[in-house]
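Summary of structural features
For reference, the chains in residue letters:
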There are 4 protein chains.
Amino acid sequence: MDAFFDLPLRPSMVAVAGRSAEATAQAAEKLGWAGAETDWKRLLDRDDVQIVDICTPGDSHAEIAVAALAAGKHVICEKPLANTVAEAEAMAAAAKEAAARGVRSMVAFNYRRVPAIALARRFVEEGMLGQIRHVRAQYLQDWIVDPEFPLVWRLQKDKAGSGALGDIGAHIIDTAEFITGERLTGVTALTETFVKERPLAASSAGLSAGGGTGRGAVTVDDAALFIGRLSGGGLASFEATRFATGRKNALRIEINGALGSLAFDFESMNDLWFHDHTIDSAEHGFRRVLVTEPDHPYAGAWWPPGHGLGYEHTFVHEMKDFLEAIAAGTDPAPSFEDGLRVQRVLAAVEQSAAEDSRFITVEGS
Amino acid sequence: MDAFFDLPLRPSMVAVAGRSAEATAQAAEKLGWAGAETDWKRLLDRDDVQIVDICTPGDSHAEIAVAALAAGKHVICEKPLANTVAEAEAMAAAAKEAAARGVRSMVAFNYRRVPAIALARRFVEEGMLGQIRHVRAQYLQDWIVDPEFPLVWRLQKDKAGSGALGDIGAHIIDTAEFITGERLTGVTALTETFVKERPLAASSAGLSAGGGTGRGAVTVDDAALFIGRLSGGGLASFEATRFATGRKNALRIEINGALGSLAFDFESMNDLWFHDHTIDSAEHGFRRVLVTEPDHPYAGAWWPPGHGLGYEHTFVHEMKDFLEAIAAGTDPAPSFEDGLRVQRVLAAVEQSAAEDSRFITVEGS
Amino acid sequence: MDAFFDLPLRPSMVAVAGRSAEATAQAAEKLGWAGAETDWKRLLDRDDVQIVDICTPGDSHAEIAVAALAAGKHVICEKPLANTVAEAEAMAAAAKEAAARGVRSMVAFNYRRVPAIALARRFVEEGMLGQIRHVRAQYLQDWIVDPEFPLVWRLQKDKAGSGALGDIGAHIIDTAEFITGERLTGVTALTETFVKERPLAASSAGLSAGGGTGRGAVTVDDAALFIGRLSGGGLASFEATRFATGRKNALRIEINGALGSLAFDFESMNDLWFHDHTIDSAEHGFRRVLVTEPDHPYAGAWWPPGHGLGYEHTFVHEMKDFLEAIAAGTDPAPSFEDGLRVQRVLAAVEQSAAEDSRFITVEGS
Amino acid sequence: MDAFFDLPLRPSMVAVAGRSAEATAQAAEKLGWAGAETDWKRLLDRDDVQIVDICTPGDSHAEIAVAALAAGKHVICEKPLANTVAEAEAMAAAAKEAAARGVRSMVAFNYRRVPAIALARRFVEEGMLGQIRHVRAQYLQDWIVDPEFPLVWRLQKDKAGSGALGDIGAHIIDTAEFITGERLTGVTALTETFVKERPLAASSAGLSAGGGTGRGAVTVDDAALFIGRLSGGGLASFEATRFATGRKNALRIEINGALGSLAFDFESMNDLWFHDHTIDSAEHGFRRVLVTEPDHPYAGAWWPPGHGLGYEHTFVHEMKDFLEAIAAGTDPAPSFEDGLRVQRVLAAVEQSAAEDSRFITVEGS
């Protein structure tokens, strides 16, 4: 990170926390952490820890984050922010209180740090799309198409909160709101669990259901589809699924405005497709902007044009932005408040799906 | 048509009907029709007319079709079949009665005759996709993005029935049901009219609203989004819009099954993308099948591989199939019954949009 | 054709000529020709024939064209113009002499009438590319990859003149010169015949070698690669092959200028890719111009935007342009002189390949 | 690197060498090197240095590499291996002698470590392409299109040896030979310097010509085109240019075999396009293999499928392979001998270009 960006702070990898002493020690060794703890609370007691990065399943986010902020640690928390709106509200409140003390927090919607997505935001901010009429966003994966894929923690509601909806649907909600700068004000939804039972997995760090044989119930959605309205008057459609055979990590978003359009697919993460509707129609068409130019967000810090970035770099950018905000004494984005808003959309989707798909207004929108 | 297909019947272009004598005569001359009539009913009296092709706005389909079938004329009718379910029911009943007399009818969902779409159907029929989990269909155009585009007949409910929904949404409903061989059993929907008023158009053959200046209300939807359930247990999403800036005629459909997936975009109408999930994962990926091979539907009759077809050829194929059915004494597809079913989906979409997006079961499904 | 274009002349399909009476009569019936002749010379005697379209193998082009022009018939001749430079010179001389009498001639490089290629020419003419640095053109097919594919006339030097070089290489030479408006001034080349012997084909209208069994020598190139210099100082590379497995009719050309670039592939014939290097680098990239807009060459006469054309339409456009030139009393392009120039490039390629690839200056350039 | 691969050796970044004490110290600090030296020879004296990585311009490769190998240091050297065949021969000889002592060497053709290129090699090795008929390789960049771009060291023959030819042409020669497993046996070539003079650059670490104002002569090629023959009987075309406006880092290669084809473009570095010609023609077409699956070369060690890699990872893979070879006591590939062979092709290209493009047999092939 330092090799490419001029950072105001240089982070140290002080300690990693996990429940199994052996597995945690191995991870520390392999990943380069100086220390290892078997109780995350120990991290909060250490003076040499100033930042806590929460990568646990969603059911423990709130407890850890609130405690860490109270202990004066800057917190970056994986998405979705929590498993319930109530937890997310508590976290957002804690973050607000901590910010007043100069303690920073951020929710890890790392896709905001894909250069192409950051460029999309810039194009919208600069008015290049005009009034936004349509957003169509999809997050398509296929890793559980096989009904014999085991019942891992991500398929259990008590651990994960929801399925495709919270795991990947949360990303496209945030991405849509980030790029457009608008809010999703209400939704109507359908969700489905295609494979109702799956083989129990051998327990791995306690994260799978049971340790034995046999099958267990999948308690989360396999796919969630919802359509809604944007605060600026446009319409938006969303689809999150783990059953789109052949689509590996297709976070796709297309935005149509009165003056232009954008399209993106993470499976070609260095490309942003842009249509400028204001030029001569004989010349217009979607152009493939290879987002590796010196004047592109983040990308300019790396290699010459045409030398693409990878998934990893979204995290480097995220940390860079977080460290810069800490050094500058400003609040980084996306905030826990942003995470809470996504949580409210997720809740509205679940409510609509449960209530005959009726239109649900997103709380606070 | 004869040059490429061995047809059992050779059609003659006997007469075209229109309301303006002058315009109709000009059209006949330009398009190669032997005669011209100013009252469509006159066509039904002529013994030299055996087929009637209905290309009027939707509000006159039912009257013309029912009369033509009663007069013993084979009928091909533009889509959507009608402006209301009641009209469509009357037409389907008339078609059924006529079929018993050997009189044939077909609704003109011409996209079924795109070779790539016919091939998609074949792949599904052959079991290459397995159980279908997802359909995502879009029909994206941008021809009324400009708010100064005039109030043509397609933007008036009394003439067109609905807007993007009936005009292009009907196509993707039929395409989805055709390829999958399944029914859309229920939907939840949002519709919107982004531009509420438009300039009155100079009257053109009576099809625009008023002949003067000033502005009039747009009485149809500009865009319709709906999601629904398929009879086989899958989920489907649909979007029809005339506000997708930069998308000219993007009829797009993607289908994910347990064993494979398909993707199509009419803007690249000779390509069908196919993912075979049953082969070694090191080799799999979406392949671009250029649907111009000798063993591809329709395409084999034309040129050598790689020499693409155009929009026009969908109509040639449609007529070929219609003539073959007449000659063989069989009922061509899609039938008026198929058209009625699409009409019921359109009605369900409109009802859901009107009733707070609640889920509406499609009648008869 | 009349339905879409306002033509100054309306052609009649008077008679088709072939050597076999039965086959020719069948073709006339199937294709809609009013008459049939078994000797092409009879066409020249008929007063009701004003245009002769030469679609025979290359070894008979010169004789027919020169005679037809002498008889006062307008001539359109398939490409390559001839099998030798000497024949092409005779044809160009005859065309020049005929033009003085108001008799028109054209060589059928139909790809000039692909709207995307015509648009590419327009972009270059308008200066949008600036000085041209590179042309890379390929014409890739795969129809003889199988060594058991028979020895058809196109694989015999006495009939076809050359192999991939003359059949498809001629097209990319003409396309490159047409779009750039420059001349290919010299070349260095390699050619190869990968499969030296093939099964003798059952005689089909006398066009295959022998009628029996056994194998015969392939006497033309399977592939030709050449690189050369353009009159404007740029470099160009060309490849014509029938062994590019999976490429069906990939006439591809990419042009890089100081101010912009273009790319085209006939397998996506309605697309022209354009890079404008003069705009802000944060926004630039190759854009896909869907060449179906009203202000695009030819395309505007057909359907609404986004409704693509097919291979067939290149011939419609060709005839339209030819008829318009006849009516206007002007010389259509490409002329026999243009065809002669391509012939000279083909000859230079063959000479270079035969002389250790040394650089050969194209005659007359 | 350790976090993703299980390495047998863990490297330390001991010291970086440069001529300017200040710049080198800054680089060490920024890039994380423990030490800095102003004379590369000092590195050879240090016992704590076991590997030397040569990243200087080509004119110093031979001296440094030969000395480092003599000093018992394992050497990885940037490409092209040298500026002349004589230097490369000396280096290959030194490498051979060193290998006998257990000292390893490798030339840094990092593109071999792109997962998609490694997968292409695997497909060819497994026989999936059959006999190779065609290779078409291009390396297209555009960074010196502007004639005001300064005269940096890469544009000076004494420093760089050649221009686009050695810098990027070397990569496509190696890539073509690596994937096919064949040798380029002879070539015919054209080279060109489009912009003959450029502004002198302000001296930067002594690498640009002169430190003043004014213009100087460009003494290397801007573009090199060559076509040649492969040891297996196929034909190959190559183009290396820095004037392909809009192409940023388009290392493209397409290979056609009797049984299948491959295509790759580094601007979409995670994709390998594969056409399997042995399956039913109704289903075949180029498929986009997203090279991020667990069973793909290198990629499996990183993230879940669909999460792409970037340019950086080619170097990680290169170092991993180098370290593994050192630990295993085997010779890593590509060897200096491989680098020498590429050098001989470069020399043949230059000779052909200088001798009227006559065909030059590659030495030792």
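Residues numbered from 1 in each chain as written. Chains lettered and ligands numbered in written order. Predicted model: local features only at pLDDT ≥ 70, side-chain atom pairs only at ≥ 80, totals over all residues. Heavy atoms only, no water.

Moving on, we get to the domain arrangement of chain A. All names here are of chain A. Domain annotation for chain A reports domain 1 (15–107) and domain 2 (113–354). On a C-alpha basis, the centres of domain 1 and domain 2 stand 23 Å from each other. Facing 29 residues of domain 1, the contacting portion of domain 2 comprises 33 residues. Interface area, domain 1 with domain 2, both sides summed: about 2,500 Å², of which 68% is carbon and sulfur. (Domains from an automatic or database assignment. Contact = heavy atoms within 4.5 Å. Buried area = accessible area lost by both parts, 1.4 Å probe.)

Let us now look at the interface of chain A and chain D. Counting residues at the interface gives 29 residues for chain A, matched by 29 residues for chain D. Around 2,300 Å² of area is buried between chain A and chain D when both sides are counted, 49% of it from carbon and sulfur atoms. At the boundary of chain A and chain D, one finds 5 salt bridges. The partner of Lys30(A) in a salt bridge is Asp6(D), with the nearest N and O atoms 3.1 Å apart. At the surface where chain A touches chain D, the tally comes to 14 residue pairs in polar contact (both at pLDDT 80 or more). Within the residue set of the side of chain A that touches chain D, elements represented by two or more residues are helix H1 (21–31), strand E15 (286–290) and helix H8 (312–328) of chain A. Among the elements that line the side of chain A that touches chain D, the one with the most residues is H1(A), at 3 residues. Of the residues contributing to the side of chain A that touches chain D, the split by class is 12 nonpolar, 7 polar and 10 charged. (Salt bridge = Lys/Arg side-chain N within 4 Å of Asp/Glu carboxyl O. Polar contact = N/O pair within 3.5 Å; in protein donor to acceptor, adjacent residues only side chain to side chain. Helix = DSSP H or I, 4+ residues; strand = E, 2+ residues; numbered from the N terminus. Nonpolar A, V, L, I, M, F, W, Y, C, P; charged D, E, K, R; others polar.)

Okay, the relation of the copies chain B and chain A next. Expressed as a screw transformation, the operator carrying chain B onto chain A has a rotation angle of 180 degrees and an axial translation of 0.0 Å, and the superposed copies differ by an RMSD of 0.0 Å. A rotation of that kind, with that shift, is consistent with a two-fold axis. Taking C-alpha positions as reference, the residue of chain B nearest the rotation axis is Arg358(B), located at 2.1 Å. A share of 100% of interface residues in chain B that are also interface residues in chain A marks the association as one of identical surfaces. (Least-squares fit on C-alpha atoms with pLDDT ≥ 70 in both.)

The next thing to look at is the sheet that holds strand E4 (residues 74–77) of chain B. Sheet strands pair by backbone hydrogen bonding; their relative direction is either parallel or antiparallel. Residue and element names in this part refer to chain B. Read from one edge of the open sheet, 3 strands run E3-E4-E5, paired in parallel fashion. Taken across any chain shown, the strands that pair with only one partner, and hence form the sheet edges, are strand E3 (51–54) and strand E5 (105–107). Each strand of the sheet is rotated relative to its neighbour by a mean of 10 degrees, with strand direction disregarded. Direction of pairing for E4 relative to E5: parallel, over a ladder of 3 bridges. Within the sheet, the bridge partner assigned to Val75 lies in E5 and is Ser105. Contacts between helix H8 (residues 311–328) and the sheet are confined to E3, E4 and E5, with E4 contributing the most and set at about 155 degrees to the helix. (Pairing = 2+ DSSP bridges. Axes fitted to C-alpha atoms, helices over the stretch in contact; angles between N-to-C directions.)

Before going further, it helps to examine the interface of chain B and chain A. Across the boundary between the two partners, chain B contributes 49 residues, which contact 49 residues of chain A. Summed over both partners, the interface of chain B with chain A buries about 3,700 Å², with 56% contributed by carbon and sulfur atoms. Where chain B touches chain A, the interface holds 8 salt bridges. Ionic pairing is found between Glu254(B) and Arg252(A), a salt bridge with its closest N-O pair at 2.8 Å. If you look at where chain B meets chain A, you find 23 residue pairs in polar contact (both at pLDDT 80 or more). Put simply, the parts of the chain that give the side of chain B that touches chain A at least two residues each are strand E6 (132–140), strand E7 (184–192), strand E10 (223–230), strand E11 (235–241), strand E12 (250–257) and strand E13 (260–265) of chain B. Per-element accounting of the side of chain B that touches chain A gives the leading share, 6 residues, to E10(B).

The subject of this paragraph is helix H5 (residues 115–125) of chain C. Residue and element names in this part refer to chain C. The element H5 is largely enclosed, with a buried count of 9 among its 11 residues. Inspection of H5 places Pro115, Ala116, Ile117, Ala118, Leu119, Ala120, Arg121, Phe123 and Val124 among the buried residues, and these make up the whole buried set. Buried residues belonging to H5 abut strand E6 (132–140), helix H7 (164–180), strand E13 (260–265), strand E14 (271–276), strand E15 (286–290) and helix H8 (312–328). (Buried < 20%, exposed > 50% of the residue type's maximum accessible area, 1.4 Å probe, protein only.)

This part takes up the packing of H5(C) against H7(C). For any two helices packed against each other, one specifies the inter-axial angle together with the distance between the axes. Residue and element names in this part refer to chain C. One can describe the packing of H5 onto H7 by two numbers: an axis separation of 7 Å at closest approach and a directional angle of 40 degrees. Here H7 runs oblique to H5, going by the angle between their axes. Where H5 abuts H7, its residues Ile117, Ala118, Ala120, Arg121 and Val124 lie against Thr175, Phe178, Ile179 and Thr180. Here the residues of the contact of H5 with H7 are counted per class, giving 6 nonpolar, 2 polar and 1 charged. (Parallel < 35°, antiparallel > 145°, perpendicular 65-115°, else oblique.)

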